[in-house]
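Each chain, written out:
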Amino acid sequence: TATASPTSFPTVTPDLPTFYFTDVASDTGKRTLWVVTVFMALSSLAFYAMAMRVPVQKRLFHVLTAFITTIAFISYFAMASGDGINFHVYKEKTTKHHTAMEVYSRQVYWARYVDWSLTTPLLLMDLGFLAGLNGASLLISVFADVIMVLTGLFAAFGNSDGQKWGYYTMGCAAYLVIVYQLAINGRTAISNKDTKTKTFFTMIAGYTLLLWTAYPIVWGIGDGARLMNVDAEVVCYAILDVLAKPIFGFWLLTTHDKLSRNTASLEGFWASGLTQE
Ligand code: RET
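Along each chain, residues carry numbers from 1 onward, in the same order as the chain's sequence is written. For this predicted model, a pLDDT threshold of at least 70 governs which residues receive local features, and a threshold of 80 or more governs which side-chain atom pairs are given and counted, while totals over whole chains, interfaces and linings are taken from all residues. For side-chain calculations, the full set of non-hydrogen atoms in the structure is used, while hydrogens and water are omitted.

A word on the packing of helix α5 (residues 161-190) against helix α6 (residues 195-224). Between two packed helices, both the angle of their axes relative to each other and the distance between the axes serve to describe the pair. For the pair α5 and α6, interaxial distance at closest approach is 11 Å and the crossing angle is 175°. Taken as axis vectors, α5 and α6 run roughly antiparallel relative to one another. Classes in brief: Ala, Val, Leu, Ile, Met, Phe, Trp, Tyr, Cys and Pro nonpolar; Asp, Glu, Lys and Arg charged; the others, Gly included, polar. Of the residues in the contact of α5 with α6, the class split is 13 nonpolar, six polar and four charged. In this analysis, axes come from line fits to C-alpha atoms, helices being fitted only over the stretch in contact, and the angle between any two N-to-C directions falls in the range 0 to 180 degrees. Secondary structure follows DSSP: runs of H or I at least 4 residues long count as helices, runs of E at least 2 residues long count as strands, and numbering of each begins at the N terminus. Orientation labels follow simple angle bins: below 35 degrees gives roughly parallel, above 145 gives roughly antiparallel, 65 to 115 gives roughly perpendicular, and whatever is left gives oblique.

Salt bridges are defined by distance alone: a side-chain nitrogen of Lys or Arg within 4 Å of a carboxyl oxygen of Asp or Glu. On inspection of all chains with the given rule, the structure shows six salt bridges. Here Arg106 makes a salt bridge to Glu233, at a shortest N to O gap of 2.6 Å. Separated by 127 residues along the polypeptide, Arg106 in strand β3 (residues 101-109) and Glu233 in helix α7 (residues 230-259) bring together distant segments of the chain. In this structure, the salt-bridge partner of Asp223 is Arg226, at a minimum N-O distance of 3.8 Å. Of the two residues, Asp223 and Arg226, neither departs from the other in class, the shared state being buried. When salt bridges with common partners are traced through the structure, they connect Asp23, Arg106, Asp223, Arg226 and Glu233 into a single cluster. Using a 1.4 Å probe on the protein chains alone, a residue whose accessible area is under 20% of its type maximum counts as buried, one over 50% counts as exposed, and one in between counts as partly exposed.

Right, let's get into the confidence of the model for the protein. The pLDDT value expresses, per residue, how confident the predictor is, ranging between 0 and 100. Within the protein, residue pLDDT values average 90, and 91% of them lie at 70 or more. Considering only residues more than four positions removed or in separate chains, one finds that residues 1-8, a stretch of pLDDT under 50, has seven contacts. Contacts between residues were defined by any pair of non-hydrogen atoms, one from each residue, lying within 4.5 Å.

So, on to the site of the ligand. The local shell around the ligand holds 16 residues, among which Trp116, Trp212, Tyr215, Ala244 and Lys245 are the closest. Nitrogen and oxygen atoms within 3.5 Å of one another constitute a polar contact, given that in protein one can donate a hydrogen and the other can accept it, and given that sequence-neighbouring residues count only through two side-chain atoms. Within the side chain of Lys245, one N or O atom sits 3.3 Å away from an oxygen atom of the ligand. Under the convention used here, a 1.4 Å probe and the Shrake-Rupley method define accessible areas, while residue burial counts only the protein chains that appear. For the ligand, the accessible surface in isolation is 540 Å², of which the surrounding protein chains cover 100%. Among the secondary structure elements, those contributing two or more residues to the shell around the ligand are α3 (111-131), α4 (135-156), α5, α6 and α7. To be near a molecule or strand, a residue needs just one of its heavy atoms within 4 Å of it.

Of the strand pairs in this sheet, strand β2 (residues 85-94) and β3 are connected by nine bridges, and their pairing is antiparallel. Bridge assignment links His88 to a residue of β3, and that residue is Arg106. Hairpin remark: β2 followed by β3, antiparallel, with six residues in the connecting loop; positive phi at His98, about 55°. Pairing between strands is defined by DSSP: at least two bridges between the two strands are required.

On to a nonpolar patch on the surface. Side chains of Phe39, Ile239, Leu243 and Ile247 sit close together on the surface and give an oily, nonpolar patch of about 310 Å² of accessible area. Ranked by residues supplied to the nonpolar patch, first place goes to α7 with three residues. Position of Ile247 relative to the elements: it lies in helix α7. The exposure class of Ile247 is partly exposed, given its relative accessible area of 35%. Residues with no salt bridge and a relative accessible area higher than 30% make up the patches, which join like charges within 9 Å and nonpolar side chains (Val, Leu, Ile, Met, Phe, Trp, Tyr) within 5 Å.

Next up on the list: the environment of Leu127. In this structure, Leu127 sits in helix α3. The sequence separation of Leu127 and Gly186 amounts to 59 residues, and the corresponding C-alpha distance is 8.5 Å. Excluding residues within four positions of it along the chain, Leu127 makes contact with Leu182, Phe201, Ile204, Ala205, Thr208 and Phe248.

Look at His98: it is not a glycine, yet its phi comes out positive at around 55°. Relative to the assigned elements, His98 resides in the loop between β2 and β3. The phi angle at Arg226 is positive, at roughly 55°, despite the residue not being glycine. Judged by relative accessible area, which is 14%, Arg226 ranks as buried.

This next bit is on the packing of helix α1 (residues 27-52) against helix α2 (residues 60-80). Put simply, α1 and α2 touch, their axes get as near as 8 Å, and they point 160° apart. Taken together, the axis directions place α1 and α2 in an arrangement best described as roughly antiparallel. Crossing geometry of α1 relative to α2 is assigned as left-handed. Packed against α1, whose contacting residues are Leu33, Trp34, Val36, Thr37, Met40, Ala41, Ser43, Ser44, Phe47, Tyr48, Met50 and Ala51, the element α2 presents His62, Thr65, Ala66, Phe67, Thr69, Thr70, Ala72, Phe73, Tyr76, Phe77, Met79 and Ala80 at the interface. Residues that form the contact of α1 with α2 fall into these classes: 17 nonpolar, seven polar and no charged. By convention, the crossing between two helices is left-handed when the near helix turns anticlockwise from the far helix through less than a right angle, and right-handed when the turn is clockwise.

Structural data, given as structure tokens:
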């Protein structure tokens, strides 16, 4: 029968006319994506140039940071040129008098998750190596990070609220593991270092946690609750990504150059087997 209760969201109603509503990025969103693409490209070039000005032994942070913006450049290039995006149908319902169907869909930029799954572990390695975090804590935080991003991807394509918010909850739990590793174990590790390195780690790790916490909030309002349109979501992530990658990177590299004596221990791992330049 054609009469469907409006709460059951029927998927197949061949006899009802169907209206499609889609939320896609407008020129504002597209321009934002291109601007960030260029910014990521230029930052990457700057980081590679900065890497070449120091001997290989001193390049660990430069290389990690340049990798981060390189991946961001590729993923932003994909999104700006219309790749790495899918439409996700998120609501189907009949109109008030059951005379028509309405289908809502929204763009999901899945290229972001590909980016995050690679760049956020690299960011954690930057911070972990700076703090002199032990291998166990670093491995656990990187694992939790991958779980966080992948559950976010599953959540973005969830077919029901239960799925969507279920994955989101798992992602938030994984995020808490990262916060714990950085805030508690990172602090313990840094306590052996000199005051300058300690202050710098506290500042840059605090800055990171503040920015990272904004991501699940933007996700919850945008992809999650669909209260924010795709354009606004693109702009929010653009600002966060620029602060969390290139700005974070410039801050780390310019300060680390001055502190490089203090992170000598981990450079043993990075430079083992390298001949002196
Ligand atoms: C998701 C949804 C699931 C729950 C949580 C999330 C957190 C994402 C974060 C992303 C950080 C990205 C960065 C990118 C580039 O610099 C996946 C949105 C907790 C923290 C820092």
